[in-house]
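# Report on the structure
Residue strings, one per chain:
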Amino acid sequence: MSGAEIDYKAVFQALPSAVALLRPDLVYADVNDAFLRISGRTREQLLGRYLFDVFPDNPNDPAATGMRNLRASLRRVTAAGERDTMALQRYDVEDPERPGVWQERYWSPINAPVLGPDGKVVLLLHRVEEITELIHARGARGGGDRAQVLEAELYTRARELQELNERLRRAHAREREVALALQEAMLPSAPAIGPHRAAVRYRPAIGSLNVCGDWYDLVDLSGDRIAVAVGDVVGHGLTAATVMGQLRAALSSAALVADGPAQALDALGLYARSVEGAESTTAVSVFIDWTTRTLTYSSAGHLPPALLHPEGTVSFLDQATDPPLGAAPEHLTRPQADIAFTEGSALVLYTDGLIERRREDIGTGLNSLADSLARHQHADAEALADALLRDLLPPAGITDDTALVIMRL
């Protein structure tokens, strides 16, 4: 090792706080000496073992919630890739020297993600400060009864905070459930448009507020033509789902009478100005003409559709992009562009959940999409949709909605 390299083991062991590294499946990967001291366990008793097999709840305390609260925090960190600071926890620990004897312990935990080069969570850093003695000592200074009162008050306030957070999470979960049901009811499932069939996918965010704003749509036009669109509403929950439904219906109607996708988005932009919550929505519309073998497209601030050519190369439709709906101070006519396609090509429309990742340049996501399309160039639309989701979505789940439409041309 050169002098410029960091000795990870030495730094980890030198940390003054008690720290454990957990795999995403909550199995101990490493612990420092401080963690061994406060837990009363040896390294052999921890490494390779499931966290809650080593530290279960006190079976003698029916009100124990430490294990449940810690598991929920670690799952949030895994899903969102962000640090989670927990409220003060009472989490009793079994005396390693006296099986069946439980020690009353209080902890202040912080959990944080360790990200790999691809931005995915590879480890969880579980840092704990034991404050049992601090709680007892603060109360003891006031003597007998006061000691018990202070200890009880501090712990009660922490429990109230934890319970309030749990109620908020349950309320959000219920709203998310209703919003997803509404979303599912409004989005078509594998629609057949004339003789053509699209593969469609919708994946909601995992454990995130940012759900139910994405949509897709396909409209049968005169002649051998269809209009395909995807969009993304800013916002979350029922509000975003409702706005999404309004905009999707409006764009479908506009596409039926418009001369092209730019005119359809023009009409949608004017309508969006009258819909609360529709500002800054992004959308892209593509008109497919099988007679002339032409794609005509226009984008309102949305990510560019991808055209997979039969030989495996990919073109991004990025020559007709304007600001999102309602973003410009004055209404302007939107641009549109054409590109020819050959039989055996595939058109791919998607929303940002498919390719955008924290701490990653958008170009990286677009390159990953192009690489995946090239690898699966001969797959039919359904198989190609599944392959893209498998290749591009993080195993731990996504923090933004993903809508995907694939049409073999």
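Further up the page is the structure itself.
Here is a short report on the structure shown in this document. (Residues numbered from 1 in each chain as written. Predicted model: local features only at pLDDT ≥ 70, side-chain atom pairs only at ≥ 80, totals over all residues. Heavy atoms only, no water.)

The next subject is unusual backbone geometry. The phi dihedral of Leu26 is positive, around 65°, even though this residue is not glycine. Mapped onto the elements, Leu26 comes out in the loop between strand S1 (18–22) and strand S2 (28–31). Classification of Leu26 by relative accessible area gives buried; the value is 8%. Its identity is not glycine, yet Ser280 carries a phi of approximately 70°, on the positive side. (Helix = DSSP H or I, 4+ residues; strand = E, 2+ residues; numbered from the N terminus. Buried < 20%, exposed > 50% of the residue type's maximum accessible area, 1.4 Å probe, protein only.)

Another aspect to go through is the packing of helix H10 (residues 362–375) against helix H11 (residues 381–392). Orientation of H10 relative to H11, taken along the N-to-C sense of each, is 135°, at an axis distance of 10 Å. On the basis of the axis angle, H10 is oblique to H11. H11 is crossed by H10, and the crossing has right-handed handedness. Along its contact with H10, which presents Ser368, Leu369, Ser372, Leu373 and Arg375, the element H11 presents Leu384, Ala387, Leu388, Asp391 and Leu392. (Axes fitted to C-alpha atoms, helices over the stretch in contact; angles between N-to-C directions. Parallel < 35°, antiparallel > 145°, perpendicular 65-115°, else oblique. Left-handed = near helix turned anticlockwise from the far one by under 90°. Contact = heavy atoms within 4.5 Å.)

This part takes up H10. Over its 14 residues, H10 runs 20 Å from end to end, which matches the ideal 20 Å to within 8%, given 1.5 Å per residue. On its buried face, H10 sits against strand S15 (306–308), strand S16 (314–316), strand S19 (346–350) and H11. Where H10 begins, the capping side chain belongs to Asp361, and its oxygen is found 2.7 Å from the backbone nitrogen of Gly363. (Expected span 1.5 Å × (residues − 1). Polar contact = N/O pair within 3.5 Å; in protein donor to acceptor, adjacent residues only side chain to side chain.)

This structure, assessed with the given rule, holds 13 salt bridges. For Asp33, the salt bridge goes to Arg43, with nearest N and O atoms at 3.0 Å. Placement of the pair is Asp33 in helix H2 (residues 33–39) and Arg43 in helix H3 (residues 43–46), with a sequence separation of ten residues. Glu130 serves as the salt-bridge partner of Arg105, at 2.6 Å between the closest nitrogen and oxygen. Remark: Glu130 occurs in strand S8 (residues 121–130) and Arg105 occurs in the loop between strand S6 (102–103) and strand S7 (106–115); sequence separation between them is 25 residues. Classification of Arg105 by relative accessible area gives buried; the value is 9%. Salt bridges linked by common partners bring Asp30, Asp33 and Arg43 together as one network. (Salt bridge = Lys/Arg side-chain N within 4 Å of Asp/Glu carboxyl O.)

Remember that the coordinates give geometry; whether it matters functionally is a separate question.
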